[in-house]
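Listed here are the chains, written in short residue letters.
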Amino acid sequence: KVVSGEATVYLGQDREIWRPIIHTASNLSDISSIKSSFQLRTFDPEGAIFYGDTKNGDDWFVLGLKDGLPLMQFSIGGNHVSAEGGPQLNDGKWHKLEVSNQENFVILDVDGSKGLVVGMGGPSKQTEEVLTGELRLALGGILIDKEKMMIQFDPKMDGCVREGNWLNLRAPWEVEVEELWPCYQDIIPGSFFPGTGFAVFNTSVFPVEDGKGVKIEFGGNFTLMHGTILSIRAPGQEMMLTLMADNNTQEVTLTFGSEKISMKSDNFKKLVITFEEEMLQVFQVRDKFQDLQIKSVSNSGFLTTWRNGRIAFGGLLGEGEDNVGSQFLTGCLETIQVMGRDLDLDFTVKHPSIVSHSCPA
């Protein structure tokens, strides 16, 4: 399958992690411009965007994001260079990026202003040889061994590229995946669960300090959710806790052992669950801390289970260790926090259909 270089491409779809979404190749003698431009939109702070190489990967260039900032890495004639800087780009807005080569500098312009300028340390060697070789381009991945890069990062980006003009080349791009996933017209920050899988953490990655409890916080429109928001269990034990949304009854139900708490889902935009040594509390927050409602149940042995268990977002944990789940969530969790910190689902085992940083608006 082939697409135009101007196509809108979602960079985060499921495939082998460093494999590009689309790629193309052309003779360098066909190139009339050493400038590429495209638009990028993402809430994701990290990932691979654009790759190019010559000499079958001996000379290469990678543009990505790390901590939301542009990151350029390249190798020319055996000289390795990396630079990070420029404006924050993971704000969910479309930004026009332009990458060009001017004399001994690689220049990244963002929205018409200089974003990042990197010197290559002298004139490039073997110009005649390079001009007769082949150029390869790729989006969403790289065509070299990742160990060649100076700065390692997670390549998979929940983001979209569109309106590309790649060195004025008109050749079609080959599609590396069976079908290109769509980019939503409008997005909001959050984690999107399409009802096909969940994300699982070992609870041991969230250590509990002595004398302190556990705090888990969710934000979003709970009236639009259906399925399991949260489940916690330890191996060989009964399910300890579930949080379920039902868009038919418009209720969210928390089950803790034999205790059940049901809440009308249109009563709040944020739900906070706290576990202390002897008490579990559920806070419904409608507007900041106005209209705050608190429900409490006795808590027996929760913290012991927490230290040895698993916690799943977006599904009901099965009994074994093989991450089998059920009753998956359909909907958008705009915020997920554990111990006061935002949770990035890219850093755990999750179903590839889950979108970690954006939801359709």
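Everything numeric here is computed off the predicted structure, so don't read it as measured data.

Participant: Before we move on, could you go through the overall build of the chain and cite the residues and values that matter?
Facilitator: Scanning the chain from terminus to terminus reveals two helices and 33 strands. Projecting the C-alpha coordinates of the chain onto the three principal axes gives extents of approximately 75 × 40 × 35 Å. Per-residue burial over the chain gives 50% buried out of 361 residues. In the chain, once contacts between residues fewer than 6 apart in sequence are set aside, the share between residues at least 24 apart is 67%. Here the chain has roughly 17,100 Å² of accessible surface; of this, 47% comes from carbon and sulfur atoms. If you average the places of the 31 positive and of the 49 negative side-chain charges in the chain, the two averages end up 3 Å apart.

Participant: With reference to specific residues and values, describe the state of the cysteines.
Facilitator: If you walk through the whole model with that rule in mind, you get two disulfides. The disulfide partner of C160 is C183, and the gap between their sulfur atoms is 2.0 Å. Classification of the bridge connecting C160 and C183 rests on its S-S torsion, roughly -110 degrees, and on that basis the disulfide is left-handed. Taken together, the residues span a long stretch of sequence, with C160 in strand β13 (residues 159-166) and C183 in the loop between β14 (173-175) and β15 (187-189) at a distance of 23 residues. A relative accessible area of 3% places C160 in the buried class. Sulfur-sulfur distance for the disulfide between C332 and C359 comes to 2.1 Å. On the S-S bond that ties C332 to C359, the torsion sits near 85 degrees, and the link is right-handed.

Participant: Account for the sheet that holds strand β2 (residues 9-10), naming residues and giving values.
Facilitator: For sheets, the rule is that strands pair by backbone hydrogen bonds, running either parallel or antiparallel. If you trace the six strands from one edge of the open sheet to the other, you get β2-β13-β4-β9-β10-β11, paired in antiparallel fashion. Unpaired on one side and paired on the other, β2 and β11 (113-119) mark the two borders of the sheet. Examined bridge by bridge, strand β4 (residues 35-42) and strand β9 (residues 95-102) share six bridges and lie antiparallel to one another. Across the sheet, the residue bridging to L40 is H95, located in β9.

Participant: Give a detailed account of the domain arrangement of the chain, specifying residues and quantitative values.
Facilitator: Per the domain assignment, the segments of the chain are domain 1 (2-183) and domain 2 (191-360). Residue-level contacts link eight residues of domain 1 with seven residues of domain 2. Taking both partners together, domain 1 and domain 2 bury about 650 Å²; carbon and sulfur atoms supply 51% of that area. It is F43, D154 and D158 in domain 1 that bury the most area against domain 2; as a group they hold 48% of the surface buried on that side. Our enumeration of links across domain 1 and domain 2 arrives at zero salt bridges. Scanning the region where domain 1 abuts domain 2 turns up three residue pairs in polar contact (both at pLDDT 80 or more). Split into classes, the residues belonging to the side of domain 1 that touches domain 2 amount to four nonpolar, no polar and four charged.

Participant: Just give me the short version of the side chain of T42, but keep the residues and values in it.
Facilitator: By secondary structure assignment, the location of T42 is in strand β4. Judged by its relative accessible area of 1%, T42 falls in the buried class. Polar contacts involving the side chain of T42 include one to the main-chain amide nitrogen of D44, which spans 2.8 Å. For T42, the residues in contact, after removing those within four places along its chain, are L65, L89, N90, D91, G92, M157, D158 and G159.

Participant: Before we move on, could you go through the pattern of salt bridges and cite the residues and values that matter?
Facilitator: For the structure on display, the rule yields nine salt bridges. Among the salt bridges present, the one from E176 reaches R19, with a minimum N-O distance of 2.9 Å. Here E176 is found in the loop between β14 and β15, whereas its partner R19 is found in the loop between β2 and β3 (22-27), with 157 residues between them in sequence. Overall, E176 belongs to the partly exposed group, its relative accessible area being 23%. You can call R19 partly exposed: its relative accessible area is 33%. Residues E98 and K35 are paired through a salt bridge, measuring 3.9 Å at the closest nitrogen-oxygen approach. Here the residue E98 occupies a position in strand β9, and K35 occupies one in strand β4, the gap between them amounting to 63 residues. When its relative accessible area of 21% is taken as the criterion, E98 is described as partly exposed. Sharing partners across several salt bridges, the network here consists of K215, E217 and K270.

Basis of the calculations
Residues numbered from 1 in each chain as written. Predicted model: local features only at pLDDT ≥ 70, side-chain atom pairs only at ≥ 80, totals over all residues. Heavy atoms only, no water. Helix = DSSP H or I, 4+ residues; strand = E, 2+ residues; numbered from the N terminus. Buried < 20%, exposed > 50% of the residue type's maximum accessible area, 1.4 Å probe, protein only. Contact = heavy atoms within 4.5 Å. Areas by Shrake-Rupley, 256 points an atom, 1.4 Å probe, with all protein chains shown as cover. Lys, Arg positive; Asp, Glu negative; His and termini not counted. Charge placed at Lys NZ, Arg CZ, Asp CG, Glu CD. Disulfide = S-S within 2.5 Å. Pairing = 2+ DSSP bridges. Domains from an automatic or database assignment. Buried area = accessible area lost by both parts, 1.4 Å probe. Salt bridge = Lys/Arg side-chain N within 4 Å of Asp/Glu carboxyl O. Polar contact = N/O pair within 3.5 Å; in protein donor to acceptor, adjacent residues only side chain to side chain. Nonpolar A, V, L, I, M, F, W, Y, C, P; charged D, E, K, R; others polar.

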